[in-house]
Amino acid sequence: MKKVETLRELQLISIYIYNELIKFCNQHDLKVYLHGGSLIGAIRHKGYIPWDDDIDVCMSRPDYDKLLKISNGKISDSCTLIDPETNEDFNGYIPVIIYNNSKMESKQYRTNEELKIGISIFVYDGIHSNFIIQKIYYAYMYTLRSEHALCRANFNYVNTKIAKKIGPILQRFYKKSDVRKYKKRIIRLQKKYSYNQSTFVSTNADYRSSKEICKKTDFEKAIPLIFEGIESYAYSHYDSHLKKYYGNYMCLPSLDQQNAKHNFIAWIDDSFLLS
């Protein structure tokens, strides 16, 4: 295997994975949307944010369940869907599509995990329409996510100053081996409200999920756009969502914020063309 030497090389691998997912979803009439920084990149740059190092997408729970069932985990000969609920060896709670013949080493975690280069799928589930119940729900979800992080994270390599200070103090009360217990609780809570029976939907388990709440009818309307030359889609309310989540997303951040958010070393099979 050869080492991935540059940010652009890593982007090219993720673009390949994304294209394989798009082809599979188009073939089976499944909606997949660009999400987060990848969505901003498509709108502002017609592709990657220049300093970004991954691709995020999202799907509704019904479409994700269909993807899981139809693919049985195989998106293509080279790409596999890792489902956190059914894969006991996977410590995360966000599904990923990985490039099979790749490898990553990350400093983000307390123990060495067998990681591969991949893209994340954030799944939209139903959420209660009552504002107060939403607040209680997300407070509990935040607690579970924090406990999961205390089991898994290396707080020397987290992005927030508060986590770096408080994390190591609290972590002594959490076992590494309990990470999957909290993963299961997060996934169970994430799916508490039926997507089909809800008026509002959100990612629920994502960071700042309360800012992603939207009407299901708005989420299900697809708006075409281009990402790295690939015909892609966004949810119809993308502008109001991005403004609520990021503020003036069309304005470039300061230079000190223009850097990749993850910390890892990666390798890919020798036959993959990194150009």
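Quick caveat: nothing in here was measured; it's all calculated off a predicted structure. (Residues numbered from 1 in each chain as written. Predicted model: local features only at pLDDT ≥ 70, side-chain atom pairs only at ≥ 80, totals over all residues. Heavy atoms only, no water.)

Student: Is there a simple way to think about the overall build of the protein chain in this case?
Tutor: Within the protein chain, the secondary structure is distributed over eight helices and 12 strands. For 275 residues, the compact-globule estimate of 2.2 N^0.38 gives 19 Å, and the C-alpha radius of gyration of the protein chain, at 18 Å, lies within 12% of that figure. By principal-axis analysis of the C-alpha atoms, the protein chain measures approximately 50 × 45 × 45 Å. In the protein chain, which comprises 275 residues, the share counted as buried stands at 49%. Put simply, 69% of the contacts in the protein chain that link residues at least 6 apart link residues at least 24 apart. (Helix = DSSP H or I, 4+ residues; strand = E, 2+ residues; numbered from the N terminus. Rg over C-alpha atoms; globule rule 2.2 N^0.38 Å. Buried < 20%, exposed > 50% of the residue type's maximum accessible area, 1.4 Å probe, protein only. Contact = heavy atoms within 4.5 Å.)

Student: What exactly am I supposed to notice about the packing of helix α1 (residues 7-27) against helix α3 (residues 61-71) here?
Tutor: Axes are the key here: two packed helices are described by the angle between their axes and the distance separating the axes. Axis separation between α1 and α3 bottoms out at 11 Å; the angle between their running directions is 95°. By the criterion of interaxial angle, the relationship of α1 to α3 is roughly perpendicular. Residues L21, F24 and C25 of α1 form the contact with α3, whose participating residues are L67, I70 and S71. Residues of the contact of α1 with α3, tallied by class, amount to five nonpolar, one polar and no charged. (Axes fitted to C-alpha atoms, helices over the stretch in contact; angles between N-to-C directions. Parallel < 35°, antiparallel > 145°, perpendicular 65-115°, else oblique. Nonpolar A, V, L, I, M, F, W, Y, C, P; charged D, E, K, R; others polar.)

Student: When you look at the packing of helix α4 (residues 131-152) against helix α6 (residues 179-190) in this model, what are you seeing that I'm missing?
Tutor: Axis separation between α4 and α6 bottoms out at 8 Å; the angle between their running directions is 160°. In terms of their interaxial angle, α4 and α6 are classed as roughly antiparallel. Here the hand of the crossing between α4 and α6 comes out left-handed. Judged by residue contacts, Y137, Y140, M141, L144, R145, E147, H148, C151 and R152 of α4 engage V179, Y182, K183, R185, I186, L189 and Q190 from α6. (Left-handed = near helix turned anticlockwise from the far one by under 90°.)

Student: Got a minute to help me understand the pattern of salt bridges in this structure?
Tutor: Opposite charge on two side chains makes pairing possible when the charged atoms of those side chains draw close. Tallying each qualifying case throughout the model produces 10 salt bridges. Between D77 and K74 there is a salt bridge, and its shortest N-O distance comes to 3.2 Å. Using a relative accessible area of 71% as the deciding quantity, one classes D77 as exposed. Among the residues examined, K74 registers a relative accessible area of 48% and is labelled partly exposed. Put simply, K184 and E88 hold a salt bridge, and the shortest N to O gap is 3.7 Å. Linking K184 in helix α6 with E88 in the loop between β4 (79-82) and β5 (96-99), this pair joins segments that are 96 residues apart in sequence. Note on K184: relative accessible area 42%, which makes it partly exposed. E88 gets classed as partly exposed once you look at its relative accessible area, which sits at 41%. (Salt bridge = Lys/Arg side-chain N within 4 Å of Asp/Glu carboxyl O.)

Student: For this particular structure, what's the right way to read the environment of M59?
Tutor: Relative to the elements of secondary structure, M59 occurs in strand β3 (residues 56-60). Among the residues examined, M59 registers a relative accessible area of 0% and is labelled buried. Expressed as a C-alpha distance, the spacing of M59 and Y235, which sit 176 residues apart in the sequence, is 9.9 Å. Discounting residues that sit within four places of it in the chain, M59 has contacts with C25, L30, K31, V32, Y64, L67, I121, F122, V123, Y124 and F219.

Student: Where do I start with the packing of aromatic side chains in this structure?
Tutor: Two descriptors summarise a pair of aromatic rings, namely the distance from one centre to the other and the angle between the planes of the rings. Inspection of every chain in the model, using the stated rule, returns 14 aromatic pairs. Judged by centre distance (5.4 Å) and plane angle (85°), the ring pair of Y99 and F272 falls under edge-to-face. Here the residue Y99 occupies a position in strand β5, and F272 occupies one in the segment after β12 (264-268), the gap between them amounting to 173 residues. Overall, the relative accessible area of 8% leaves Y99 in the buried class. Members of the aromatic cluster, joined through ring pairs, are Y33, Y124, F219 and Y235. In this arrangement the basic side chain of K103 is found over the ring face of W267, its NZ or CZ atom lying 5.5 Å from the centre. The lysine or arginine in question, K216, covers the ring of Y195, its NZ or CZ lying 5.4 Å from the ring centre. (Phe/Tyr/Trp six-rings, centres within 6.5 Å; stacked < 30°, edge-to-face > 60°. Lys NZ or Arg CZ within 6 Å of the ring centre and 35° of its normal.)

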